[in-house]
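# Close look at the chain arrangement
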Amino acid sequence: MTKTNYIKIEGRVSVSAPSNIAIVKYWGKKDIQIPENPSISFSLNNAITQTSIQYKRIPLQDIFSYDFAFENKTNKAFEKKLVTFFNRIENKLPWLKSFYLNIQSSNTFPHSSGIASSASSYAALAIALAEIHTQITGEKLSMPIISEMARLGSGSACRSVYGAWNTWGETPIINGSSNKYAQPLKTKTHPNFQNIHDSILLVSKKEKSVSSTVGHQLMENHPYKEGRIRQAHANMKLITEAIEQGNWTSFTEITELEALSLHGLMMSSTPSYCLLEPNSLAIINKIRDFRLETNIDLCFTIDAGPNIHVLYPESNKKQVQEFIDGDLRKFCSDNTVIHDYIGLGPKIN
Ligand code: DP6
C-alpha cells in the first residue's frame, strides 16, 4: 500500500477485552499455535485488559516501531514477545512497518490473581490493531480474521474476541469449526448457562511454576497424547449437549473431569509437575461434599495452576457465595476470592 492510500495517518484507539475460562481445555499445540484438540470457554465480565494504541505514520522501515507499557511501566519481556506477534500478523496488516505504535495496556485484575492475562491481552491487541486497520485503510476485518490474529499471540486469546460461550478447534460436531480461529457457540445456550458465575478461589498468588507454553510442549511426547485428544473430542460433544439442554449434572461431570485430566496430564508428563496444592484438594473435596449434601448445582474447574474456579448458575448465587464465605475462603491466600461471571465481550471505546 502506498502512502496516498491511507485514509488517516494518525489517531488513537482504545479497546477492552475479557479473559476467559475454558471448560474443555486446550492442551497441546503444533505448528504455529494450532491446537491438538478443540476447546470451549466462556468470557468473563470483570477480568478485562484495557489497551489503547496511539498510531502515527512514519516512513516505511525494516523493523516494527513501537513502545509498550503495562500499567504505565515499560515491560521488556512483553515487548520482545510483541516482535514475534507482529511478524505473525504482518501479512494481514501490511501497514505495520509504516506506522509507529504507542501501546498502553492495563488489567482490571491483579497481576498475581492467577487469571490468565495473555488471553485478554492478545484479544485486546488484535481488536485494537484491526480497528486501526479500518481507520487507515477503510477495510473492515472479519471476526474470524481478528480471532486468528489473537490466536497467533496466545492460543486461548482467540476465544476472548467474543463474549459469552465460544469454541475453537476443528470438531466434526460443529459445522465450520476451525483450528485457526474461534467462533461463538453454534448450538443454543440454555438459560441455566446464559448467566453462569465463576468465583475464583486464590489458593496461591505465586507465579505459576509451569507456563502454559511449557505445558503445551509437555504434550508433544506424552504417553497419553492420543487418548487425551480422543477424550477432548468426546467431551466437546457432551458439554455442548449439556449446555443446550441445561443439564448441570452432565456439565459438572465433564467440567471436573477436564480440570483433573489437565492436572493428571501434567503429573504424568516428563518432566512431571504437580500444581495442585493441599488447599486446592481441600476445596475440591468440600465442593463435592456440599453438592452431595445439598443437591445445589455448582462445580469446579482449574487452569494450569492451583487456583479453583467455582462455577454456578445465577439462581444459586446466594447459597454458593455463602458456602464460599463460610467454608472455602479460609483455604485461600489472604482469604482472596474474585467473583466474576459470564460477560458480553470486548468493547471498542
Ligand atoms: C490451561 O492460551 O495460555 O488455560 O497458546 O501458549 O499462549 P499459549 O497458551 P495458552 O494456554 C491455555 C491453557 C489453559 C486451557 C485453555 O484456556 O483452554
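Residues numbered from 1 in each chain as written. Predicted model: local features only at pLDDT ≥ 70, side-chain atom pairs only at ≥ 80, totals over all residues. Heavy atoms only, no water.

### Quick look at the nonpolar core
Worth spelling out the cut-off: Take the buried residues of types Ala, Val, Leu, Ile, Met, Phe, Trp, Tyr and Cys, join any two whose side-chain atoms come within 4.5 Å, and each joined set is a nonpolar core. Think of it in three bands: residues with accessible area under 20% of the maximum for their type are buried, residues over 50% are exposed, and the middle band is partly exposed, with areas taken using a 1.4 Å probe on protein chains only. Helix and strand labels come from DSSP, where a helix needs a run of H or I of at least four residues and a strand needs a run of E of at least two; each type is numbered from the N terminus.
Formed by 44 residues in total, the largest nonpolar core has its most connected members in F86, W95, L101 and L129. Secondary-structure elements contributing two or more residues to this core are strand 1 (10–24), strand 4 (39–57), strand 5 (65–70), helix 1 (76–89), strand 7 (99–107), helix 2 (117–137) and helix 3 (143–153). In terms of residue count, the dominant contributor to this core is helix 2 (eleven residues). Residues I115, I174, I254 and I338 belong to the second largest nonpolar core, which totals 28 residues.

### Digging into the pairing of strand 4
Defined as follows: In this analysis, strands are considered paired if DSSP registers two or more bridges between them.
Summarising the sheet, strand 1 and strand 4 pair through 13 bridges and their orientation is antiparallel. Residue pairing in the sheet places R12 in a bridge with Q54 of strand 4. Summarising the sheet, strand 4 and strand 8 (residues 165–168) pair through four bridges and their orientation is antiparallel. Across the sheet, F42 pairs through a bridge with W165, a residue of strand 8. As paired strands, strand 4 and strand 7 are joined by nine bridges and run antiparallel to one another. If you follow Y55 over to strand 7, its bridge partner there is L101.

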